[in-house]
Amino acid sequence: MQWTDRIRQVKILLVVAAVVIAVASLLVSHFLVRDLSKEERHRMEVWAQALHALNEADETTDLSLVLNVMEGNNTIPVIVVNSEGGIDDFRNIDDSLNVESYARRMISAGDTIRVDRQLVCYDESIMLKRLQAWPYVQLGIVLIFVVVAIFALLSSKRAEQNKVWVGLSKETAHQLGTPVSSLMAWVEMLKEQYPDDDLLPEMDKDVKRLQLIAERFSKIGSLPEPVESSMNEVLEHVVSYMDRRTSNQVQMIRQFPDHDVRVKMNASLFEWVIENLCKNAVDAMEGKGTITLTLTDEHGVAIEVKDTGKGIRKKDVNSVFTPGFTTKKRGWGLGLSLAKRIVEEYHKGRIFVKHSEVGKGTTFRIEMLK
């Protein structure tokens, strides 16, 4: 759990760093745009002075400098409106725009300079507008890059984890195979020598249990063909198994429909999932409490495993299926992640925490198609 908390802290730090970078970028852009806007305002004031000089000129005035100033504006849209509201002149305006309407928008925005009886209306240059939009485009590109990078890293990590799961499972099945076969042979020999021994049937059950576990591990990494099986029988097997291996203080309650619910599944692997949920429930209850197994098939097949244990903290609910997450002192944090893989990848179902309250218990829900 400490490892998971550390990962969560790293994610928070990354988000905070991204927000700081975004704010810094927007602030720098804001100050730059503000300064350029002031510069354009100053240029338009000079242009307005040149217009005033042109209006006041006579036949003896040298207009070369004035005309150079006025002709030098090739970027800032400007419209000269007379006292009657008519358009005297305009520059850098797209032909597709309505000049009168554009002038009214400039006046409404307050981007005007009074020159004699004329009103010089101006707008921001295309370059300034692009500069205003650029930070948001830049942040969008960075965000897309970050999302793609995170997705690629998670996919790579998930693929690597899958290889580890498969390799570990296959090796475990291989290592269990030889001793289990030997144990089965020894049990058969003991049956022949001591046919009336009461302990041998129980020993035989445990050996077969080991064989079943080895078989389950061998199926991890492959896609076993689902076979239509009885979900009632799978859950009954789990209840029978848990009853023999838990104290009398753990009560197993069944809530099954009267009819047989049949589902396409790998019964061995699915039984493993329910066992895992029940074992976790026993641990959460510290060996004392009630486990309720509920099976419904009204809208698809749903199985719920409810316990009266210590519950899960809200901040940990989304992490319970993460490999390595555990609240046990000696746990590996692999059981629920394997259960999720079996339900979602092998059976195309869904497993999630339906409800959990600290001190009162947890309900896991599995949903499957028939």
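Before reading further, recall that the structure is shown in the block above.
Quick summary incoming for the structure in this document. Keep in mind that what you see is a predicted model, and the values were worked out from it rather than measured.

Looking at the overall build of the chain
Counting its secondary structure elements, the chain contains eight helices and 11 strands. Classification of the 370 residues of the chain by burial places 35% in the buried group. In the chain, 67% of the contacts between residues at least 6 apart in sequence involve partners at least 24 apart. As displayed, the chain offers around 23300 Å² of accessible surface, 57% of which is attributable to carbon and sulfur atoms.

Re the sheet that holds strand 9 (residues 301-307)
Strand order in the open sheet made by the five strands is 6-8-9-11-10, with mixed pairing throughout. Edge positions in the sheet fall to strand 6 (250-255) and strand 10 (350-357), since each of these pairs with one other strand and no more. If you compare each strand with its neighbour and ignore which way they point, the axes differ by 15 degrees on average. Note: strand 9 against strand 11 (residues 361-368), six bridges, orientation antiparallel. When the sheet's bridge partners are listed, Lys306 is paired in strand 11 with Thr363. Relative to the sheet, helix 6 (residues 231-245) contacts strand 6, strand 8 (289-296), strand 9 and strand 11, its axis offset from that of strand 6 by approximately 170 degrees.

Side note on unusual backbone geometry
With the exception of glycine, most residues fall at negative phi, and the peptide bonds are largely trans. You will see that Asn92, though not glycine, has its phi angle at about 55 degrees, which is positive. By secondary structure assignment, the location of Asn92 is in the loop between strand 2 (87-91) and helix 3 (99-109). Of note in this structure, Glu286 is not a glycine but carries a positive phi near 55 degrees. With respect to the helices, strands and loops of the structure, Glu286 is situated in the loop between helix 7 (267-285) and strand 8. Here Glu286 falls in the exposed class, since its relative accessible area comes to 69%.

Things to note about the pattern of salt bridges
Enumeration over the complete set of coordinates arrives at 20 salt bridges. A salt bridge links Lys191 to Asp204; the nearest nitrogen and oxygen atoms lie 3.3 Å apart. Placement of Lys191 in helix 4 (residues 126-193) and of Asp204 in helix 5 (residues 199-219) is noted, with a sequence separation of 13 residues between them. Residue classification places Asp204 among the buried positions, given a relative accessible area of 12%. Taking the shortest distance from any N to any O, the salt bridge between Arg245 and Asp206 comes out at 3.0 Å. Of the two residues, Arg245 is situated in helix 6 and Asp206 in helix 5; the sequence distance between them amounts to 39 residues. In this structure Arg245 comes out as partly exposed when scored by relative accessible area, which is 36%. Bridged by salt links that share partners, the residues Glu304, Arg350, Lys354, Arg365 and Glu367 form one connected network.

Digging into helix 3
All of the buried residues along helix 3 are Val99, Tyr102, Ala103 and Met106. Along the axis of helix 3, the buried residues cluster in a sector spanning 100 degrees; they form a single face. The exposed residues of helix 3 that point more than 90 degrees off its buried face are Arg104 and Ser108. Capping of helix 3 at its N-terminal end is provided by Asn98; its side-chain oxygen lies 3.1 Å from the backbone amide nitrogen of Glu100.

Section: the sheet that holds strand 3 (residues 112-115)
The strands making up a sheet associate through backbone hydrogen bonding, with each pair oriented either parallel or antiparallel. The sheet built from four strands is open, its strands ordered 2-1-4-3 with antiparallel pairing. Taken across any chain shown, the strands that pair with only one partner, and hence form the sheet edges, are strand 2 and strand 3. Sheet twist, expressed as the average angle between the axes of neighbouring strands with direction ignored, equals 15 degrees. With four bridges joining them, strand 1 (residues 78-81) and strand 2 adopt antiparallel strand pairing. Residue pairing for strand 2: Val78 is matched across the bridge by Arg91.

Some points on the nonpolar core
Counting 44 residues, the largest nonpolar core has Met231, Phe270, Ile274, Cys278, Ile291, Ile303 and Ile366 as the members making the most contacts within it. Ranked by residue count, the leading element in this core is helix 7, at 10 residues. Apart from the residues within four sequence positions on either side, Phe270 is in contact with Met231, Val234, Met265, Ile303, Val343, His347, Ile366 and Met368. Listed in part, the 14 residues of the second largest apolar core include Ala50, Val66, Val78 and Ile113.

Cut-offs used in this document
- Residues numbered from 1 in each chain as written.
- Predicted model: local features only at pLDDT ≥ 70, side-chain atom pairs only at ≥ 80, totals over all residues.
- Heavy atoms only, no water.
- Helix = DSSP H or I, 4+ residues; strand = E, 2+ residues; numbered from the N terminus.
- Buried < 20%, exposed > 50% of the residue type's maximum accessible area, 1.4 Å probe, protein only.
- Contact = heavy atoms within 4.5 Å.
- Areas by Shrake-Rupley, 256 points an atom, 1.4 Å probe, with all protein chains shown as cover.
- Pairing = 2+ DSSP bridges.
- Axes fitted to C-alpha atoms, helices over the stretch in contact; angles between N-to-C directions.
- Salt bridge = Lys/Arg side-chain N within 4 Å of Asp/Glu carboxyl O.
- Arc of directions from axis to C-beta.
- Polar contact = N/O pair within 3.5 Å; in protein donor to acceptor, adjacent residues only side chain to side chain.
- Core = buried A, V, L, I, M, F, W, Y, C linked by side-chain atoms within 4.5 Å.

All quantities given are derived from atomic positions and should not be read as evidence of function.
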